[in-house]
Amino acid sequence: MNYKKDEVTNLLNTKCMNVFGCSIDDATEKQAYKTLCYVVKDLLAEKRSKFAKQYKEKEGKQVYYMSMEFLVGTSLRNNLYNLGMESVFKSALKQKKIDINSLYAMEPDAGLGNGGLGRLASCYMDAMTSLGMMGTGFSIRYEFGIFKQKIVDGWQMEFPDNWLEMGDVWLNRREDESFIIKFGGTLKEEWTDGKLKVTHENYQPVMAVPYDMYISGYDTDAVNKLVLWSAKSPNNLDMTAFSRGEYVRSLEENTMAEVISKILYPADDHIEGKRLRIKQQYLLVSASLQSILLKHIKKYKTLDNLPDKVAIHINDTHPALCVPELTRILIDEYGYDWDKAWDIVTRTLTYTNHTVMSEALERWPESLFSAELPRIYQIVLEINRRLVQKLNEVYPGDIAKIEYMSPVAHGEVRMANLCLAACHKVNGVSKLHSDILINSIFKDYYNIEPDKFTNVTNGIAYRRWLCQSNPELASLIKNLIGDKFVHDATALEGLLKYKGDKNVLESLQKIKLVKKQALAKYISHANGINVDPSSIFDVQIKRLHEYKRQLLNVLQILHMYNVIKDNPNADITPRTFVFAAKASAGYMMAKQIIRLISAVADLVDSDAAVRDKIKVVFIEDYKVSLAEIIIPAAEISEQISIAGKEASGTGNMKLMINGAVTLGTLDGANVEICEQVGKDNIFLFGMTAPEVEELWRKGYNPNFFVTPELKRVLDMLTSGILGTRFEDISKSLLTNSFGTADAYMTIADFESYRQAQERVGKEYLNRDKFTDMSLVNIAKAGIFSADRAVKEYADNIWNIKL
Ligand code: 26W
């Protein structure tokens, strides 16, 4: 958009006057921040209305992306950047003596997600918009997003994230577009004219009120919407109770309804079979589908062509209720018969799987499911009945297999099987992950319908992660190869011709140093620790989970500690180990590992012989905006999950494009990172996925893999670090009474990891060679752009022409 400085100043003044009754000169900082956001929102609204009009005339196919999570992070800088208006706003504000950076700093992260899955959804909204697609995200307006984390004496403490106070500036409430969602109740069945009619009675109605958030894209006419549903009681007060003087009881029902959208479930990678969670899922699904179908009917007067005009995407199984709910609406509300309804359902829905961890595959007890969603339950049973009938023809008599594939079995409703039964396309999120899906957990479905399955390797909104978070690097790249890469990330390959170019390597080193200094400043402020910007910055930043093996990292640090203690002159390249990770609140082992990291941080710091060589920092409250500070400063990207468990990873891609070299296993997208950069530009270690499988088959006893160095480290856990013992951890690694010790093979991979870390230390000493590796990583990161990923979804999954 083309605005001059004075016009921007006018917009700011008028808005400030309208909302706060003062000019921008007299506004408080908070008022200035809100004014700026409102002005940007208005610009987006204007663009949106043009885009929507254009689109309406075209009658193209559109995507609805259903996800319980969107980890949006901050929007202000992103929107200004995307509109190409950052500098004009900056100078307009500067004239008013307002530093735009201090306004940026006031924006809370919209933390409406846990980790990888939620952030991916946000990156894809950005890419859809940048590609000019009509794509709408649907989720929940959690009043409290992912909790705030503080570390107190090594323990994680959780605090509520009241993001709406400053974050609601981006939301537009649309009360008039609300829908009623029905929970509980009973079903009445009647035969009329030879047709069975089911009526849902005595249900508790909850109103779903949408809040729209505009999503901008880079250099595009498109503006998309993220629609966040909020639960509201349909009747404000129970007047009978109120008139009897029972004020509190009259409010009770409101509170019960409104609690549905209060809080994001903070569990990543494990299910909690909670009633409230299924209500959240149904609220999202039912409200979104009602809204999609109403719009469609208004436009086309029929739902027969729904699959030609609409793709509805199920982001992991959390919105899997789309399957029975869409069926229900078509049958109960629009009068379709089963076969026709099912045909529409299957041709409209698609599904992405994001994890193979069995504890994360959603299952609901039938009793809870049927009590909360009686009509939906009935439909699920019918889907199941028809499927089992079909499977009996394909696998006659193979009861075990049919049971394994069934959406309903053993007293549970299994959401992944529901998606597999109904969706016409199913994908994994990296080559390795998609292979594992078809060769193992979804094998039986693959055997009947191989064409249903595909892969789309994840991608990132690299303009946020490179151009916005690391403008210094982006501008160097522009000087070297021009700005084509801002539209087309594969143009980064142009950098390869600067391999070995002394000047370029020096510039890269200078920029890295600047970003390391910035992170050092943050750490000194947040942790009160001074870290040395000339040491290697080695980072592991992601949710805390045993399979991601933060523990492997700490054990190796303890080993380094021992080496230095034995020989203070040992040849160790100074290193700063940075961790940032939230543990799900009830995950005790994860919390113990955080404690261990903190204890090791204290241990190395307390020792004069060690502290100049290694530093360990745990930065609290990991979130999108913090990642934007850490990632540009990183030199080593720790991607050390046990092979076969990390579906893809996306932090690995963000770190790569900022020049960090991966130290990792051949897991998830690391495999493809390795393919891109070649074995010389990545530090690989550990067992491969088939080797892991083979070791489980043979029987794994970690005790056979304990080297003397590792034994010494494990003994430290047992005897205590600065007085704290970590026996839970060492026991979980070694006590093999039921063959369950070390479920993530930390011990089996330790020696290989130790050696890889030794290589890192040595290779870093040749700075130019290391920087060359870094350059190759940046140059080869283009393929991991979300633009590429979304194009593949459009081509292979949604059947949308761009
Ligand atoms: C129901 C509890 C629950 C909550 C979240 C189960 C599972 C999840 C997600 C599937 C976990 C998740 O975020 N998975 C991550 O998805 C990323 C995007 O595809 C991948 O890059 C990560 O490898 C994967 O762990």
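Here, every reference points to the structure presented above.
Residues numbered from 1 in each chain as written. Predicted model: local features only at pLDDT ≥ 70, side-chain atom pairs only at ≥ 80, totals over all residues. Heavy atoms only, no water.

Asker: For this particular structure, what's the right way to read the pairing of strand 22 (residues 614-618)?
Answerer: Across a regular strand the side chains alternate sides, sitting on one face of the sheet and then on the other. Buried residues dominate strand 22, accounting for five of its five residues. Direction of pairing for strand 21 (residues 575-580) relative to strand 22: parallel, over a ladder of five bridges. Residue Phe577 lies in a different strand from strand 22, and its bridge partner there is Val616. (Buried < 20%, exposed > 50% of the residue type's maximum accessible area, 1.4 Å probe, protein only. Helix = DSSP H or I, 4+ residues; strand = E, 2+ residues; numbered from the N terminus. Pairing = 2+ DSSP bridges.)

Asker: Where do I start with the side chain of Thr457 in this structure?
Answerer: In this structure, Thr457 sits in the loop between strand 19 (453-455) and helix 20 (462-468). Overall, the relative accessible area of 5% leaves Thr457 in the buried class. Side chain to side chain, Thr457 and Glu672 meet in a polar contact 2.5 Å long. (Polar contact = N/O pair within 3.5 Å; in protein donor to acceptor, adjacent residues only side chain to side chain.)

Asker: Can you help me understand the site of the ligand in this one?
Answerer: Looking at the ligand, there are 22 residues lining it, with His354, Asn458, Glu646, Ser648 and Gly649 nearest. Interatomic distance of 2.8 Å between a side-chain N/O atom of Asn458 and an oxygen atom of the ligand. The contact in question runs from an oxygen atom of the ligand to an N or O atom on the side chain of Glu646, over 2.6 Å. When the free accessible area of the ligand is taken as 570 Å², the share hidden by the protein chains comes to 97%. With three residues, helix 6 (residues 116-130) is the largest single contributor of residues to the shell around the ligand. Classifying every residue of the shell around the ligand gives eight nonpolar, nine polar and five charged. Each of domain 1 (176-458 + 791-798) and domain 2 (469-784) accounts for three or more of the residues forming the shell around the ligand. (Near = heavy atom within 4 Å. Areas by Shrake-Rupley, 256 points an atom, 1.4 Å probe, with all protein chains shown as cover. Nonpolar A, V, L, I, M, F, W, Y, C, P; charged D, E, K, R; others polar. Domains from an automatic or database assignment.)

Asker: Just to check I follow, could you spell out the packing of aromatic side chains for this structure?
Answerer: Here the structure, examined in full by the defined rule, presents 16 aromatic pairs. Where Trp338 meets Trp342, the ring centres are 6.2 Å apart and the plane angle is 20°; that geometry is what we call stacked. One end of the pair is Trp338 and the other is Trp342, both in helix 13 (residues 338-348) and four residues apart, which spans about a single turn. Residue Trp338 is classed as buried on the basis of its relative accessible area of 15%. Here a set of aromatic residues connected by ring pairs shows up, and it is made of Tyr65, Phe70, Tyr124, Tyr793 and Trp798. Above the plane of the ring of Phe183 lies Lys279, whose end atom (NZ or CZ) is 5.4 Å from the centre. Lys516 extends its terminal NZ or CZ atom over the ring of Phe537, reaching a point 5.0 Å from the ring centre. (Phe/Tyr/Trp six-rings, centres within 6.5 Å; stacked < 30°, edge-to-face > 60°. Lys NZ or Arg CZ within 6 Å of the ring centre and 35° of its normal.)

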